[in-house]
Amino acid sequence: MKPVPRVTRQLAQFLVESRWHDIPAAVRHEAKRTIMNFVGTALGGCGDSAIELAIRALGPFFGSAQATVIGRTERPDAVSAAFLNAVSANVLEFDDTHLRSVIHPAAPVAPAVFALSELHPVGGEECCTQ
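Residues numbered from 1 in each chain as written. Predicted model: local features only at pLDDT ≥ 70, side-chain atom pairs only at ≥ 80, totals over all residues. Heavy atoms only, no water.

Colleague: So what's going on with the pattern of salt bridges? Residues and values would help.
Modeller: What the rule picks out here adds up to 4 salt bridges. A salt bridge links Glu-52 to Arg-72, with the nearest nitrogen and oxygen atoms 2.8 Å apart. Linking Glu-52 in helix H3 (residues 49-58) with Arg-72 in the loop between H3 and helix H4 (78-90), this pair joins segments that are 20 residues apart in sequence. Take Glu-52: its relative accessible area is 30%, and that puts it in the partly exposed class. Across the pair Arg-72 and Glu-74 runs a salt bridge whose closest N-O atoms are separated by 2.8 Å. Relative accessible area serves as the criterion here: at 24%, Glu-74 is assigned to the partly exposed category. (Salt bridge = Lys/Arg side-chain N within 4 Å of Asp/Glu carboxyl O. Helix = DSSP H or I, 4+ residues; strand = E, 2+ residues; numbered from the N terminus. Buried < 20%, exposed > 50% of the residue type's maximum accessible area, 1.4 Å probe, protein only.)

Colleague: Please provide a residue-by-residue account of the packing of aromatic side chains, values included.
Modeller: Evaluation of the coordinates by the stated rule reveals 1 aromatic pair. Taking 5.3 Å as the distance between ring centres and 85° as the angle between the ring planes, the aromatic pair formed by Phe-38 and Phe-114 counts as edge-to-face. Residue Phe-38 is found in helix H2 (residues 25-45), and its partner Phe-114 is found in helix H5 (residues 106-119); the two are separated by 76 residues along the sequence. The class of Phe-114 is partly exposed, set by a relative accessible area of 28%. (Phe/Tyr/Trp six-rings, centres within 6.5 Å; stacked < 30°, edge-to-face > 60°.)

Colleague: So, the packing of H3 against H4: which residues are in play, and what are the values?
Modeller: H4 packs onto H3 with a crossing angle of 165° between their chain directions and a minimal axis gap of 10 Å. As the angle between them shows, H3 and H4 are arranged roughly antiparallel. The handedness of the crossing between H3 and H4 is right-handed. Contacts between H3 and H4 pair Ile-51, Ala-54, Ile-55 and Leu-58 from the former with Phe-83, Leu-84, Val-87 and Ser-88 from the latter. Classifying every residue of the contact of H3 with H4 by side-chain character gives 7 nonpolar, 1 polar and no charged. (Axes fitted to C-alpha atoms, helices over the stretch in contact; angles between N-to-C directions. Parallel < 35°, antiparallel > 145°, perpendicular 65-115°, else oblique. Left-handed = near helix turned anticlockwise from the far one by under 90°. Contact = heavy atoms within 4.5 Å. Nonpolar A, V, L, I, M, F, W, Y, C, P; charged D, E, K, R; others polar.)

Printed below as a string of structure tokens:
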């Protein structure tokens with residue numbers, strides 16, 4: 001098995017040891033803005049033809065109803081909901097961008113967190129410390 005890179009271990013340890021009260025208020029505020037951006041872009045993209053196509057293609061393979069597809073009535077399994085919400089948030093290319101790194105931090109992470117939170121409901125503080 002290939003060893004885990006040191007930077008990955010350091011990041012994982014930082015995340016495990018982080019506590020809500022350790023996160024500066026300004027950072028928590030930006031996180032809230034990022035989540036709002038994700039929800040807005042997912043709502044904007046939820047009716048796009050790419051989402052319609054993905055639902056038609058994946059629908060026969062949906063597991064039990066577990067999670068929300070933002071802006072839609074379908075309620076697939078958590079993995080499918082996470083995928084569809086990620087596609088919805090990216091399809092119009094208006095999702096958040098961290099300019100220094102040129103990445104879209106919310107769209108690949110928030111859908112999985114949202115779907116998981118429907119399976120195991122937790123608040124924001126709990127989500128960041130579990």
